[in-house]
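# Reading the structure
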Amino acid sequence: MMNNIELKTDVTNIPGSEKFMKTCFNALERLAALAPSDNSIQMSVDQKGDNYLVAITVASQELRFALETAAKSPFMALEQAFKDSLDRVMKWSTSRQLKLA
């Protein structure tokens, strides 16, 4: 099955926005490659006051989670959200490999 990735944002004043958006898509593609093959991954970027919020939702038959991080820098919020998501996907991958063995 094909995986589905989606990035949503209404924030227009992100510093280094072109580089940031490319980094977001790279993170989404990496998560999609490691998550179950039937995954749907959504990322949203919002701003609340001085903080940037990055939310990631992963949905598949075998793995589901949603998380949100906040930081003064959009890159820092993205980095933390990606790291937390990657940790969850890797835990799923490890448990799946143990079941197959």
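The coordinates are above.
These lines cover the structure that appears in this document, whether it is placed above or below.

Analysis parameters
- Residues numbered from 1 in each chain as written.
- Predicted model: local features only at pLDDT ≥ 70, side-chain atom pairs only at ≥ 80, totals over all residues.
- Heavy atoms only, no water.
- Helix = DSSP H or I, 4+ residues; strand = E, 2+ residues; numbered from the N terminus.
- Rg over C-alpha atoms; globule rule 2.2 N^0.38 Å.
- Buried < 20%, exposed > 50% of the residue type's maximum accessible area, 1.4 Å probe, protein only.
- Contact = heavy atoms within 4.5 Å.
- Areas by Shrake-Rupley, 256 points an atom, 1.4 Å probe, with all protein chains shown as cover.
- Lys, Arg positive; Asp, Glu negative; His and termini not counted.
- Charge placed at Lys NZ, Arg CZ, Asp CG, Glu CD.
- Pairing = 2+ DSSP bridges.
- Right-handed = clockwise from strand over helix to strand, strands pointing away.
- Expected span 1.5 Å × (residues − 1).
- Arc of directions from axis to C-beta.

### Quick word on the overall build of the protein
The number of helices and strands found in the protein is two helices and four strands. Traced from its N-terminal end to its C-terminal end, the protein shows the element sequence β-α-β-β-β-α. The C-alpha atoms of the protein give 14 Å as radius of gyration, which agrees with the globular expectation for 101 residues (13 Å, within 12%). Dimensions of the protein along its principal axes, counting C-alpha atoms only, are 50 × 25 × 20 Å. Relative to its 101 residues, the protein shows a buried fraction of 37%. Sequence-distant contacts in the protein: of pairs separated by 6 or more residues, those separated by 24 or more amount to 48%. Carbon and sulfur atoms form 50% of the exposed surface of the protein, whose accessible area is close to 6400 Å². Once the 12 positive and 12 negative side-chain charges of the protein are each reduced to a mean point, those two points are 6 Å apart.

### Observations regarding the pairing of strand E1 (residues 4-9)
Note that E1 and strand E2 (residues 40-48) share six bridges and pair parallel. The partner of Ile5 across the bridge, within E2, is Ile41. Following the chain from E1 across helix H1 (residues 17-34) to the adjacent parallel E2, one finds a crossover that is left-handed.

### A word on H1
Look at H1: 26 Å from first C-alpha to last across 18 residues, which is about the 26 Å you get at 1.5 Å a residue. Of the positions making up H1, those classed as buried are Phe20, Cys24, Ala27, Leu28, Leu31 and Ala32. The buried residues of H1 all sit within an arc of 135° when viewed along its axis, so they share a single face. In H1, the exposed positions angled more than 90 degrees off the buried face are occupied by Glu18, Lys19, Lys22 and Ala33.

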